[in-house]
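Spelled out from the first residue to the last, the chains are:
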Amino acid sequence: ETLKKQISERNFATVYWLHGEEPYFIDYFTEILSETILTESEKGFNQVLMYGKDSNVEVVIGNCRRYPMMADKNVVILKEAQDLKDIGELERYLEKPVPSTVLIVAYKYKTLDKRLKLYKLIVLIN
């Protein structure tokens, strides 16, 4: 409900880490955020879709550090993030996220270990 309220008010966080055993809600909110943050004309330059198996942490961070072109936000969507090697390295970006970027991480079928620094950074951001 909190996430739905944020979306309807267009009050977007810099990072959305969607994780858990149930993929339906992860896909649902990834799609809603993707459709809501940018207009269709802004998406061409400012929205990047990546998959964990086909990407690496450096590419994800590089896309997150870009600034938007002719829009307020840059949107980076990482689907199947559970397959990204060295996902813990994302903490370098999460320590100082770019305010104009919205990073959406879809981490399916698992939850992130709460003892990791990465998890603690996600909690601090949101």
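Please read these numbers as outputs of a predicted model, since none were measured by experiment. (Residues numbered from 1 in each chain as written. Predicted model: local features only at pLDDT ≥ 70, side-chain atom pairs only at ≥ 80, totals over all residues. Heavy atoms only, no water.)

### Things to note about unusual backbone geometry
At M70, a position not held by glycine, the phi torsion is positive, near 55°. Summarising the element assignment, M70 is placed in the loop between helix 4 (57-64) and strand 3 (74-79). On the accessibility criterion, M70 (70% relative accessible area) is exposed. The backbone of D86 shows a phi angle near 55°, a positive value even though the residue is not glycine. (Helix = DSSP H or I, 4+ residues; strand = E, 2+ residues; numbered from the N terminus. Buried < 20%, exposed > 50% of the residue type's maximum accessible area, 1.4 Å probe, protein only.)

### Quick word on the sheet that holds strand 3
The strand order across the open sheet built from four strands is 1-4-3-2, with neighbouring strands paired in parallel fashion. The open sheet terminates on both sides in strands that have one partner only, identified here as strand 1 (15-20) and strand 2 (47-51). Averaged over all pairs of adjacent strands, the angle between strand axes in this sheet comes to 10°, irrespective of strand direction. The pairing of strand 2 with strand 3 spans five bridges and is classified as parallel. Across the sheet, the residue bridging to Q47 is V75, located in strand 3. Each of strand 1, strand 2, strand 3 and strand 4 (101-108) is contacted by helix 2 (residues 23-37), which is oriented at about 160° to strand 4, the strand it contacts most. Seen against the sheet, helix 4 touches strand 2, strand 3 and strand 4 and runs at an angle of roughly 160° to strand 3. (Pairing = 2+ DSSP bridges. Axes fitted to C-alpha atoms, helices over the stretch in contact; angles between N-to-C directions. Contact = heavy atoms within 4.5 Å.)

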